[in-house]
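# Fold and geometry: a report
Here is how the chains run, residue by residue.
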Amino acid sequence: MWKQRVTMMEYDSGLKRSPLFSELIELFRYRDLLYLMTLTSIKRRYKRSTLGIIWSLLGPLLTMAVLTIAFSNLFRFSLINYPIYLLSGLIFWNLFTQTTQDAMNSLIWGGNLLRRIYVPRTVFSITAINTGLINLFLAFIPLAIIMLILRHPFRPALFFLPFAILLIAMFALGVGLILSTMSVFFIDVVYIYQVVISAWFYLTPIIYPRDIFPAQYVWYMNFNPLYNLLELFRVPIYLGLIPGTNTILAASLWAGISLLIGFWVFTKKADEFAYRI
Amino acid sequence: MEVQTVKPLIEIENVSVRYRVPHEKIFSLKEYAIRRLKRSISYIDFWALCEINLKVYQGELIGIIGPNGAGKSTLLKVISRVLRPTKGHIKVRGMVAPLLELGAGFDFELTGRENIFLNGTILGFKMKDIANRFDRIVDFAELKDFIDSPLRTYSTGMVARLGFAVATDVKPDILIIDEIFAVGDKEFQKKSIERIEGFKGKGTTILFVSHNLPQVQSMCKRIIWLEHGVSRAVGPAKEVIEHYLRENH
């Protein structure tokens, strides 16, 4: 009986602790929930249709095929193995957009839960990121196949990828948390973000080579966080190299800033969610 | 019976809860920005709770009465940590089992087994604990033969039984009951009331909201009477209910 007392929960709304810090403690306490919610969201995605997994493999492949046919012949890009350049870019893009959009939608969906019972509010966004990361592993399968077919070398630089993915996940989580907070107060944000995303897609060198920009403008790409994060992800795959120090620094900076601001804004406002949703 | 009265399990100090409703609902960002600049956002402040004070000790049975819209549910939400008070503060020591929200987070595509784990972790339990108690939960809910079928194939009664079984498998420190929870059929109702009576005997603190005054009076020693978010009276059950009846008839 005494043992139960020790692990007893205590809740004190008057405690002067930073909301960010309390949230981290609660997240740790609810880590099993985080695990199960991720599992559930994966199951939900693949359970209903037996073709579910196959579709998620075929989808990017088909997009890649269409874009390859369109661009490599139309514009005659000076990129060897363009399908790999393109597919790695698309995989990166899907990871970022799916996770941020999921984070936003799941909080609005989870509102039903938030009004009924207490759970740490960040679990919804973090689940979205976890799910995206698991889908990412599936997306690597078609990429590996294409790399084999085109005899693209697998270089040791690929071992750099986990770090690149970590930074991308951090950045996406931060953006997801900010978007979730905003969408609770203004549902328009969901629609605005869709527009922003499609513009962002063309502002980031995903389907075209970076050299398409005049040299004097390339520097401005540093203001696009997705540019550095994309480089971090693509260089080891496509060029087989470890990304440059500047890229690593810029990407780390963006990831850190995004995560910090995201967590700070979200946890500061999280107590109002149950009143608003 | 030894009741530990050193520290109350629930301390509510000057708790107020404000719902802030925009005068006209503002849907869009643009509209908000324009109004913000013009400083023309007007809210209707609605105080669902106003300076509530209450201390609840271990093993107490507290009744909460009052007309509709008195703030009873809001008070329960503050205690179960769903709403953070706008003013004042609250301290809760111990595990709270809110029986107002049975089966929160149930996913109807998942099986009963999967839902026991999901719902259990939402209630704050560890997966290992749930695994240890799994058979007992299934037995109590009487769902042995259906536990691996998706929840969407369950009847309403079966879902409710499962929710109750998960939420009450471990003796909670604080139990929150809204109205007469009628879960499942007659037999299951009897079983669930027995379980709650058992908790009562073992020192669980119970907060009970009901419109059924005789029932509240027979169950609870102490009562808090809420009206328009204000605490009208706190005291011995009989006195408060007599006062309440005198005023409402």
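This text goes with the structure placed above it.
A brief look at the structure comes next. (Residues numbered from 1 in each chain as written. Chains lettered and ligands numbered in written order. Predicted model: local features only at pLDDT ≥ 70, side-chain atom pairs only at ≥ 80, totals over all residues. Heavy atoms only, no water.)

### Overview of the pattern of salt bridges
All names here are of chain A. Scanning all chains against the criterion turns up 21 salt bridges over all chains. A salt bridge links Arg-121 to Asp-271; the shortest N-O distance between them is 2.8 Å. Taken together, the residues Arg-121 in the loop between helix H5 (82–114) and helix H6 (123–149) and Asp-271 in helix H11 (residues 245–276) connect sequence positions 150 residues apart. A relative accessible area of 10% places Arg-121 in the buried class. (Salt bridge = Lys/Arg side-chain N within 4 Å of Asp/Glu carboxyl O. Helix = DSSP H or I, 4+ residues; strand = E, 2+ residues; numbered from the N terminus. Buried < 20%, exposed > 50% of the residue type's maximum accessible area, 1.4 Å probe, protein only.)

### A few points about the interface of chain A and chain B
Facing the 37 residues of chain A at the interface are 48 residues of chain B. Carbon and sulfur atoms make up 56% of the surface buried where chain A meets chain B, a total of about 4000 Å² over both sides. If you sort the residues of chain A by the area they bury against chain B, A:Tyr11, A:Arg116 and A:Tyr275 come out on top, with a joint share of 21%. Summed over the shared surface of chain A and chain B, the result is five salt bridges. Residue A:Lys43 is joined to B:Glu114 by a salt bridge in which the shortest nitrogen-to-oxygen separation is 2.5 Å. At the boundary of chain A with chain B, the tally comes to eleven residue pairs in polar contact (both at pLDDT 80 or more). Looking at the side of chain A that touches chain B, the elements with two or more residues in it are helix H1 (2–6), strand E1 (10–12), helix H2 (19–29), helix H3 (31–47), H5, helix H8 (188–203) and H11 of chain A. Each residue belonging to the side of chain A that touches chain B can be placed in one class, and the counts come to 18 nonpolar, four polar and 15 charged. Pairing between E1(A) and strand E4 (residues 87–93) of chain B: three bridges, direction antiparallel. The residue of E4(B) that forms the bridge with A:Tyr11 is B:Val92. (Contact = heavy atoms within 4.5 Å. Buried area = accessible area lost by both parts, 1.4 Å probe. Polar contact = N/O pair within 3.5 Å; in protein donor to acceptor, adjacent residues only side chain to side chain. Nonpolar A, V, L, I, M, F, W, Y, C, P; charged D, E, K, R; others polar. Pairing = 2+ DSSP bridges.)

### Some details on empty space enclosed by the protein
Under the defined criterion, the tally for this structure stands at three cavities of 30 Å³ or more. Of the volumes computed, that of the second largest cavity is approximately 40 Å³. Looking at the second largest cavity, the residues that line it are A:Leu114, A:Ile117, A:Tyr118, A:Val119, A:Arg121, A:Ala270, A:Phe273, A:Ala274, B:Arg81 and B:Val82. Counting residues per element, the lining of the second largest cavity draws most heavily on H11(A), at three residues. Per-class residue counts for the lining of the second largest cavity are eight nonpolar, no polar and two charged. (1 Å grid on protein atoms, 1.4 Å probe; cavity = no way out; pocket = protein on both sides within 12 Å on 5 of 7 lines; lining within 4 Å. Points joined across faces, edges and corners; volume = space filled by probe spheres on them.)

### Here's the deal with the pairing of strand E8 (residues 222–227) of chain B
Residue and element names in this part refer to chain B. Counting buried positions over the six residues of E8 gives five, a clear majority of the element. Sheet topology places strand E3 (residues 61–65) next to E8; four bridges connect them, and they run parallel. Looking across to E8, one finds that Ile-62 is bridged to Arg-222. Sheet analysis places E8 next to strand E9 (residues 230–236), joined by six bridges and oriented antiparallel. For Trp-225, the partnering residue across the bridge sits in E9 and is Ala-233. Taking the residues that link successive antiparallel strands as the turn, the E8-E9 hairpin has two residues, and the phi of His-228 there is positive, at about 50 degrees.

### Points about the packing of aromatic side chains
Enumeration over the complete set of coordinates arrives at 20 aromatic pairs over all chains. Ring centres of B:Tyr19 and B:Phe46 lie 6.2 Å apart, and the angle between their planes is 20 degrees; this geometry places the pair in the stacked category. Highlighted residues: B:Tyr19 in strand E1 (residues 10–22) and B:Phe46 in strand E2 (residues 43–56), separated in sequence by 27 residues. B:Tyr19 sits in the partly exposed class, given a relative accessible area of 23%. Ring centres of B:Phe117 and B:Phe134 lie 5.7 Å apart, and the angle between their planes is 20 degrees; this geometry places the pair in the stacked category. Pair noted here: B:Phe117 is in helix H3 (residues 112–122) and B:Phe134 is in helix H4 (residues 127–141), with a separation of 17 residues, a long-range link. Here the aromatic cluster, defined as three or more aromatic residues joined through ring pairs, consists of A:Trp93, A:Phe96, A:Phe171, A:Trp200, A:Phe201 and A:Tyr202. The positively charged end of B:Arg81 is found above the aromatic ring belonging to A:Tyr118, 3.9 Å away from the centroid. Against the face of B:Trp225 rests B:Arg232, its NZ or CZ located 4.6 Å from the ring centre. (Phe/Tyr/Trp six-rings, centres within 6.5 Å; stacked < 30°, edge-to-face > 60°. Lys NZ or Arg CZ within 6 Å of the ring centre and 35° of its normal.)

### Side note on H2(A)
Residue and element names in this part refer to chain A. Of the positions making up H2, those classed as buried are Ser-22, Glu-23, Glu-26 and Leu-27. Projected down its long axis, H2 carries its buried residues within an arc of 140 degrees, all on one side. Where the residues of H2 are buried, they touch H3, H6 and H11. (Arc of directions from axis to C-beta.)

Geometry only, nothing functional implied.
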